[in-house]
Amino acid sequence: MLETSSRLLSLLALLQTRPAWTGSELAERLEVTTRTVRNDIDRLRELGYPVDAARGPAGHYRLGVGAKLPPLLLDDEEAVAVAVGLRTGAGVVGMADSSARALTKLEQVLPHRLQRQVNAIHRAMEKGPDNTGSNVEDPLIDSTVLTTVAACIRDEHYLRFDYEIPTGAMMRGAGSGRGAELPILVEPYRLVCWQRYWYLVARDEKGEWRTYRVDWMSLRMATGRRYQPRPMPSEDYTDFVLRDVASTGWQVHARITVFASADEVLSRIHAAVGMVEPIDDSTCVLVTGADSLEVIAVYIGMLSLDFHVDGPPELLTHLKTIGTRYLNAIS
């Protein structure tokens, strides 16, 4: 059982994590009686923390408005998580320097015991290159762009921007957003970070869902206009990004008939590899893509299932080449 002072800090931390707690829930988490919880609540009030209490069947405790909380009330796991997150922060212009400054401030205010843990992680960790999949440099995002987009999502304001795919840029991770008519006006709903790319999920002026790479966006003047939210039915924005990028954002696309059920194929691939269309109980079609024919060939081989390539013709030629190469290796 925690000592009184430590228990009060733990109680205060719990009250910060969600809007309301019942006395029995707090007692269970702190491993004390509900009477002890009531006494500890009174002690917090004496120390100046406004803790509201509601009686009756739906009774609960709630941290009141204007509570002056101690800075960085972190337990061991939280301190470690913050330290690791700051140590590995990247992908946004200036984030590395900002993370270093924040980590220094964190170390200064933590108790000595947690300082030692955070310092140990900081000194023991090294961060490898983010982009290990190709020789293309990772895109860098201006933090002001992210904060502006996030504010528009929060305030339900239309977002206006120019969108241009750089000349000669690889289409990997492009998504369905295109910049044919500029500027673009959208209803922004969610920012998704995946595989070192930042995406905005939004509805375009036709009401269709699109993904836009944030590093290709140039923000225009704020509209200040609110839209009526029409979120996705499932609110599964990350899954939408995976499917959208898989179907549109590759240099090479392929359509492959697989002689197995759709469920079997889905159990063997990542959502980003492609989309599966069932035909019958023992056949389906895999629509996939990649930056090269070689990568698609690897995807197919990793299925360990019988298949037939419907296109493109270049993929058929490539499979014949590597098939001959494999046969020569065992002859």
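Placed above this text is the structure.
For clarity, every value in this text was computed on a predicted model and none was experimentally measured.

Colleague: I tried to follow the packing of aromatic side chains on my own but got confused; where do I start?
Modeller: Any two aromatic rings considered together are summarised by their centre-to-centre distance and by the angle between their planes. Applying the stated criterion to the full structure yields 9 aromatic pairs. Taken together, a centroid distance of 6.0 Å and an interplanar angle of 70° make the contact between Trp-209 and Tyr-237 edge-to-face. Of the two residues, Trp-209 sits in strand 8 (residues 209-213) while Tyr-237 sits in helix 8 (residues 237-248), which places them 28 residues apart along the sequence. Given a relative accessible area of 18%, Trp-209 falls into the buried group.

Colleague: Is there a simple way to think about the nonpolar core in this case?
Modeller: One recurring pattern in soluble globular proteins is that nonpolar side chains are buried together. Counting residues in hydrophobic clusters, the biggest one holds 22 residues, and the most contacted among them are Ile-256, Val-258, Val-265, Val-276, Ile-296, Leu-303 and Leu-315. Mapped by element, the contributors of at least two residues to this core are strand 10 (252-258), helix 9 (262-266), strand 12 (283-290), helix 10 (293-303) and helix 11 (313-330).

Colleague: Even after reading the chapter, I still don't get the pattern of salt bridges, so can you show me in this structure?
Modeller: Once the charged atoms of two side chains with opposite charge are near each other, the side chains can pair. Under the counting rule described, the total for this entry stands at 13 salt bridges. The shortest N-O distance in the salt bridge between Arg-210 and Asp-204 comes to 3.2 Å. Under the relative-accessibility criterion, Asp-204 is labelled buried at 13%. Two residues, Arg-213 and Asp-215, come together in a salt bridge whose shortest N-O distance is 2.7 Å. Residue classification places Asp-215 among the partly exposed residues on the basis of a relative accessible area of 23%. Via salt bridges that share partners, Arg-7, Asp-40 and Arg-43 belong to a single interconnected network.

Colleague: Which parts of the structure should I look at to understand the sheet that holds strand 11 (residues 274-280)?
Modeller: Paired through their backbone hydrogen bonds, the strands of a sheet run either parallel or antiparallel. What the 4 strands build is an open sheet, ordered 11-12-10-13; its pairing is antiparallel. Each having just a single partner strand, strand 11 and strand 13 (307-311) make up the two edges of the open sheet. Taken over all neighbouring pairs, the strand axes of this sheet differ in orientation by 25° on average, direction set aside. Looking at chain direction, strand 10 and strand 13 are connected through 4 bridges and run antiparallel. When the bridges of strand 13 are listed, Arg-255 appears paired with Gly-311. On the sheet, helix 10 packs against strand 10, strand 12 and strand 13 and is oriented at approximately 145° with respect to strand 12. Across the sheet, helix 11 touches strand 10 and strand 13, and the angle it forms with strand 13 is around 140°.

Colleague: Would you take a moment to explain the pairing of strand 2 (residues 60-63) for this structure?
Modeller: Looking down a regular strand, the side chains alternate between one sheet face and the other. Here strand 2 shows one buried face, formed by Tyr-61 and Leu-63, and one open face, formed by His-60 and Arg-62. A loop of 5 residues connects strand 1 (residues 51-54) with strand 2, the two strands running antiparallel in sequence, and Gly-56 in this loop sits at a positive phi of about 100°.

Colleague: I'm lost on the sheet that holds strand 5 (residues 159-163) in this one. Help?
Modeller: Spatial ordering of the open sheet is given by 8-7-6-5-9, a layout of 5 strands whose pairing is antiparallel. If you trace the sheet from one side to the other, it starts and ends with strand 8 and strand 9 (217-219), each paired once. Recorded for the sheet is a direction-independent mean angle of 50° between the axes of neighbouring strands. Bridging between strand 5 and strand 6 (residues 184-194) involves 3 bridges; their strand directions are antiparallel. Bridging from a neighbouring strand, Arg-160 pairs with Leu-185 of strand 6. Running at roughly 115° to strand 6, helix 7 (residues 143-155) makes contact with strand 5, strand 6, strand 7 (197-203) and strand 9 of the sheet.

Colleague: Teacher, can you tell me more about the side chain of Thr-283 here?
Modeller: In this fold, Thr-283 is placed in strand 12. Residue classification places Thr-283 among the buried positions, given a relative accessible area of 13%. With residues near it in sequence (within four places) discarded, Thr-283 still touches Thr-257, Val-258, Phe-259, Ala-260, Ser-261 and Pro-278.

Reading the values: the criteria
Residues numbered from 1 in each chain as written. Predicted model: local features only at pLDDT ≥ 70, side-chain atom pairs only at ≥ 80, totals over all residues. Heavy atoms only, no water. Phe/Tyr/Trp six-rings, centres within 6.5 Å; stacked < 30°, edge-to-face > 60°. Helix = DSSP H or I, 4+ residues; strand = E, 2+ residues; numbered from the N terminus. Buried < 20%, exposed > 50% of the residue type's maximum accessible area, 1.4 Å probe, protein only. Core = buried A, V, L, I, M, F, W, Y, C linked by side-chain atoms within 4.5 Å. Salt bridge = Lys/Arg side-chain N within 4 Å of Asp/Glu carboxyl O. Pairing = 2+ DSSP bridges. Axes fitted to C-alpha atoms, helices over the stretch in contact; angles between N-to-C directions. Contact = heavy atoms within 4.5 Å.

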